[in-house]
Amino acid sequence: MTASCQEFEVTVHTSPGPTCGTFNRLWLNLIGSQGETPPVSVNEGDRHLLSGSTCPVLVRANEPLGHLLLVRLHLETRTGFPNLDWHCSRVEVCRLADKQTGGTGPEDPEVQVFLCERWLRTADGDIELRSRKLCLLKDETEEKLKQQRLRQLQHQQKIIRWRKFVDGAPQCADLNSLAELGPNLSYTHKSPASNLHYLKGFAGRVGSWTSFTELEMVFAHSGHQNNMARFVKAHWMEDWYFGYQCLNGCNPLLLRQTRLLPPNLSVTSDMLHPFLPEGSSLQQELQKGTVYLLDYEVLDGVPANVVNGKQTYLSAPLCLLHLNQQGQLLPIAIQLQQTPGSQNPVFLPSDAGYDWLLAKIWVHSADFQCHQLASHYLRTHMLGELCCVATLRQLPEPHPLHQLLMPHVRTSLQINLQARGSLLAADGVFDKAGGSGLETLPVVLARASERIRYRALCVPDDLMDRGLDKLPQSYYAQDALRVWDALHRFVVSWVDLYYRGDDEVQQDSELQQWITDINTHGFTHDSGFPQCFQSRAEVSKFVTMIVFSCSALHAAVNFSQLDFALWIPNCPASMLRPPPQVKGAVTEDDIMSFLPDVNSTCRILTVLALLSQPATNFVPLCHYKEAVFADSAHRRLVEEVQAELKAISDDITERNSQLELPYPYLCPTHIENSVAI
């Protein structure tokens, strides 16, 4: 043995899952600052890459390596054996004592750990693992590690590409199948059993519901165990409950305070006087900030779907609400279309009972469209995918924000790919059962994207702008603000670990490329998104917005859906007659004729039942299985945010125990860490 020969004991760890092992041959090189070893075959003879096993191998370097920087792995198929993917946990390297000098040398610590935590495939070619902790590009001291960052991004940009889903909306990943997505970006969603027995039986009934008695019989079987849905059914016709649902229903994102009436809303002070406090006027109430507005103008003039061969109808209502002295938010005027005129009356609470009830049903139907497409799909699913693709393409794995973000955005690629291939595709539920069909989808998504403002995605700004931050009955607002604040403190602490000042943010070329990619392929109009990052505060706010949108916001708008839709008139997915153009012509039987057909209703409810069920392998907010979060500095931050979220959960649970109608959707124990359903 020459004086320059060095030996390393390398231990390869296969992950413990039942399918993690492989028959494939594994080649391994060690790469140092001065040189690299020839490739060594790891699993030869009685050494196998078995699930949960360790595989030791001795590696010799005949030339000086310098500091050990990387471990290169390469899988190769064996003739006659199946080509199975392999899940590697980590590789540990110990530099053995130099037999000439008796020392280990000053270059490396005794054992270096190279984390892998991913699937490797023969098609992947060379995979290089690092032992260094997370760092910014400027903190890389070795040129080989800088080059490795660059190679990784170049590789990612080849395999993860952008594609337009809808003109004018954020772009998605250019993928056609789960196989293209690969094992490291896909996941298994383990759904709990859902009792769809009573809904599925209506699949062949194409006609209309005949009476409220029929609806009640269906509800008795499909909704009797759902306490929230039972409450909705008992109170859905009451005006106070209508206002409550605007604040705390499955779409709490549209209601806003207004101090000016929309010019196209044909109301007068005299018309609304009976519904305001005695001695007050509409102008006074507007100035006091007690008047609120729902405006569905995004639906104005969009084409409605044809379901079961029947034309359905959409409206674009304006609904005015008043916050009374008892703290109740009550609807006081509804205009069903945007353009005022003699055939577009303003409906009032004093109108004949079924006129006013039908007007509220129309608002709920419009809300269903905006909720599904804008509040739910655009603001959580599409936003998550936008940020995931940009992260994979622009932030290398050693970047601290790559590691922080990926647990919150990774699952959006698979769930959105599946949604585009099923729910949003030809013969999917929107095409066959919803008022917003395949012609409507691109129009509404593009319009909603055009109207997105960055402030509306940031909870403190959004609640203040919409005048919801001080409403005592807005449980969504109260809970969202507390969860946002906890996440924001966590993200600020994470960012401060790696950026010592604002100048380091400005000089982080990878970070600036990331926000540029998001803007180029996302909301490309004047949305208020930061065009570049100038400060740690800007980065922290933006990252908090992503984490909140993909976890808490998704929980609020997704897992609540079924509760508010099970009583069918409260949330009709389509309407079978056009909006009324006169008052006084509606009976109870007429209301039934507006509601969607039996089979389309039950198809919608079946889908909502599946979407509203958390997975049995649900990952709660800020719970991380990735090893990087077990690092001492990271672990302290994770423990702090988990303790804060636990305290919020305890407070919400206590509050809900005192409420007739609890608001559970933003209790952190119910919030999933990412968009996974």
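Everything numeric in this text was worked out from a predicted model, so none of it was measured.

A.B. asks: If you had to explain the pattern of salt bridges to someone new, which residues and values would you point to?
C.D. replies: Tallying each qualifying case throughout the model produces 45 salt bridges. The partner of Arg161 in a salt bridge is Asp174, and the shortest N-O contact between them spans 3.5 Å. Residue Arg161 is located in the loop between α1 (143-159) and β9 (162-163), and its partner Asp174 is located in the loop between β10 (172-173) and α2 (178-181); the two are separated by 13 residues in the primary sequence. On the accessibility criterion, Arg161 (34% relative accessible area) is partly exposed. In this structure, Asp174 and Arg163 form a salt bridge, with 2.7 Å as the shortest nitrogen-oxygen distance. On the criterion of sequence distance, the pair formed by Asp174 in the loop between β10 and α2 and Arg163 in strand β9 is long-range, its members being eleven residues apart. Within the structure, one salt-bridge network assembled from shared partners comprises Glu36, Arg72, Glu128 and Arg151.

A.B. asks: I'd love a proper account of the environment of Leu84, names of residues and values included.
C.D. replies: Mapped onto the fold, Leu84 is located in the loop between β5 (68-76) and β6 (86-95). Overall, the relative accessible area of 36% leaves Leu84 in the partly exposed class. A sequence separation of 38 residues divides Leu84 from Thr122, and the C-alpha atoms of the two residues are 8.5 Å apart. For Leu84, the residues in contact, after removing those within four places along its chain, are Gly21, Thr22, Phe23 and Asn24.

A.B. asks: Please give an account of the sheet that holds strand β12 (residues 291-295) that cites residues and values.
C.D. replies: The strand order across the open sheet built from five strands is β11-β12-β15-β16-β17, with neighbouring strands paired in antiparallel fashion. The sheet is open, and its two borders are formed by β11 (256-257) and β17 (346-347), each paired with just one other strand. Relative to strand β15 (residues 318-323), β12 runs antiparallel, the two being bridged by five bridges. Residue Leu293 lies in a different strand from β15, and its bridge partner there is Leu320. Its contacts with the sheet put helix α6 (residues 239-248) on β12, β15 and β16 (329-335), and the angle it makes with β16 is roughly 90 degrees. Contacts from helix α9 (residues 353-394) reach β12, β15, β16 and β17 within the one sheet, and its direction differs from that of β16 by about 90 degrees.

A.B. asks: Summarise the side chain of Thr544; cite the residues concerned and give the values.
C.D. replies: Here Thr544 shows up in helix α19 (residues 536-558). When its relative accessible area of 0% is taken as the criterion, Thr544 is described as buried. Engagement of the side chain of Thr544 in a polar contact is seen with the backbone oxygen of Ser540, the distance being 2.7 Å. What Thr544 contacts, discounting residues up to four positions off in sequence, is Trp484, Leu487, His488 and Val491.

A.B. asks: Just give me the short version of the environment of Glu76, but keep the residues and values in it.
C.D. replies: Residue position: Glu76 is located in strand β5. By relative accessible area, which is 32% here, Glu76 ends up partly exposed. C-alpha of Glu76 to C-alpha of Arg25: the two residues are 51 residues apart in sequence and 5.1 Å apart in space. Setting aside its immediate chain neighbours within four residues, Glu76 contacts Asn24, Arg25, Trp27 and Thr122. Of the polar contacts made by the side chain of Glu76, one reaches the side chain of Trp27; its length is 3.4 Å.

A.B. asks: An account of helix α23 (residues 632-657) is needed here, citing residue identities and associated values.
C.D. replies: Along its 26 residues, α23 runs 37 Å from first to last C-alpha, staying within 8% of the 38 Å computed at 1.5 Å per residue. All of the buried residues along α23 are His634, Leu637, Val638, Val641, Leu645, Ile648, Ser649, Ile652, Arg655 and Asn656. Against α16 (475-498) lie the buried residues of α23.

A.B. asks: Could you give an account of the nonpolar core, with specific residues and numbers?
C.D. replies: Ranked by size, the top nonpolar core spans 171 residues in total, and within it Leu401, Tyr476, Trp514, Phe542, Met545 and Phe548 carry the most contacts. Top element by residues in this core is α9. It accounts for 22 residues. Leu401 has contacts with Leu395, Trp494, Val495, Tyr499, Leu511, Val539 and Val543, leaving out every residue within four places of it along the chain. Within the second largest apolar cluster, 26 residues are counted, among which are Leu26, Leu30, Trp86 and Phe114.

A.B. asks: Just give me the short version of the packing of aromatic side chains, but keep the residues and values in it.
C.D. replies: Geometry of an aromatic ring pair is reported as the spacing of the ring centres plus the angle between the planes. In this structure the tally under the stated criterion is 28 aromatic pairs. A centroid spacing of 5.3 Å and a plane angle of 55 degrees characterise the contact between Tyr454 and Phe529, whose relative ring orientation is tilted. Residue Tyr454 is located in helix α14 (residues 454-457), and its partner Phe529 is located in the loop between α18 (509-521) and α19; the two are separated by 75 residues in the primary sequence. Side by side, Tyr454 and Phe529 carry an identical accessibility label, which is buried. Grouped by ring-pair contacts, the aromatic residues Tyr454, Trp514, Phe523, Phe529, Phe533 and Phe542 constitute a single cluster. Taking the ring centre of Trp567 as reference, the NZ or CZ of Lys233 above it sits at 5.2 Å. In this structure, Arg420 is placed above the aromatic ring of Phe165, and the distance from its NZ or CZ to the ring centre is 6.0 Å.

A.B. asks: Could you give me a rundown of the pairing of strand β8 (residues 127-130), with the residues and numbers involved?
C.D. replies: Of the two faces of β8, the one carrying Ile127 and Leu129 and the one carrying Glu128 and Arg130 are both buried. Bridge count for β5 against β8 is four bridges, and the pairing is antiparallel. Directly across from Leu70, in β8, lies its bridge partner Arg130.

A.B. asks: Describe the packing of α9 against helix α10 (residues 400-409), with residues and values.
C.D. replies: Running from amino to carboxyl end, α9 crosses α10 at an angle of 145 degrees, the nearest separation of the two axes being 10 Å. The chirality of how α9 crosses α10 is left-handed. On the side of α9, the interface is formed by Gly384, Cys388, Thr391 and Leu392, while α10 contributes His402, Leu405, Met406 and Val409. Looking at side-chain class alone, the contact of α9 with α10 contains five nonpolar, three polar and no charged residues.

A.B. asks: Please give an account of the layout of surface pockets that cites residues and values.
C.D. replies: Unoccupied space between atoms shows up once a probe the size of one water molecule is rolled over them. Estimates place the volume of the second largest pocket at around 650 Å³. In terms of lining, the second largest pocket is formed by 24 residues, of which the most central are Leu253, Leu254, Arg256, Arg379 and Arg451. Within the residue set of the lining of the second largest pocket, elements represented by two or more residues are β12, α9, α13 (440-451), α14 and α15 (459-465). Element by element, the count of residues in the lining of the second largest pocket is highest for α9, at five residues. A class-by-class count of the residues in the lining of the second largest pocket yields 13 nonpolar, one polar and ten charged.

A.B. asks: So what's going on with the packing of α9 against helix α11 (residues 411-421)? Which residues, and what values?
C.D. replies: The contact between α9 and α11 brings their axes to 9 Å, and the two run at 125 degrees. Regarding the angle of α9 to α11, the classification is oblique. Both α9 and α11 take part in a crossing whose hand is left-handed. Contacts between α9 and α11 pair Tyr377, His381, Met382, Gly384, Glu385, Cys388, Val389 and Leu392 from the former with Ser412, Leu413, Ile415, Asn416, Ala419 and Arg420 from the latter. In terms of residue class, the contact of α9 with α11 is made up of eight nonpolar, four polar and two charged.

Analysis parameters
- Residues numbered from 1 in each chain as written.
- Predicted model: local features only at pLDDT ≥ 70, side-chain atom pairs only at ≥ 80, totals over all residues.
- Heavy atoms only, no water.
- Salt bridge = Lys/Arg side-chain N within 4 Å of Asp/Glu carboxyl O.
- Helix = DSSP H or I, 4+ residues; strand = E, 2+ residues; numbered from the N terminus.
- Buried < 20%, exposed > 50% of the residue type's maximum accessible area, 1.4 Å probe, protein only.
- Contact = heavy atoms within 4.5 Å.
- Pairing = 2+ DSSP bridges.
- Axes fitted to C-alpha atoms, helices over the stretch in contact; angles between N-to-C directions.
- Polar contact = N/O pair within 3.5 Å; in protein donor to acceptor, adjacent residues only side chain to side chain.
- Expected span 1.5 Å × (residues − 1).
- Core = buried A, V, L, I, M, F, W, Y, C linked by side-chain atoms within 4.5 Å.
- Phe/Tyr/Trp six-rings, centres within 6.5 Å; stacked < 30°, edge-to-face > 60°.
- Lys NZ or Arg CZ within 6 Å of the ring centre and 35° of its normal.
- Left-handed = near helix turned anticlockwise from the far one by under 90°.
- Nonpolar A, V, L, I, M, F, W, Y, C, P; charged D, E, K, R; others polar.
- 1 Å grid on protein atoms, 1.4 Å probe; cavity = no way out; pocket = protein on both sides within 12 Å on 5 of 7 lines; lining within 4 Å.
- Points joined across faces, edges and corners; volume = space filled by probe spheres on them.
- Parallel < 35°, antiparallel > 145°, perpendicular 65-115°, else oblique.

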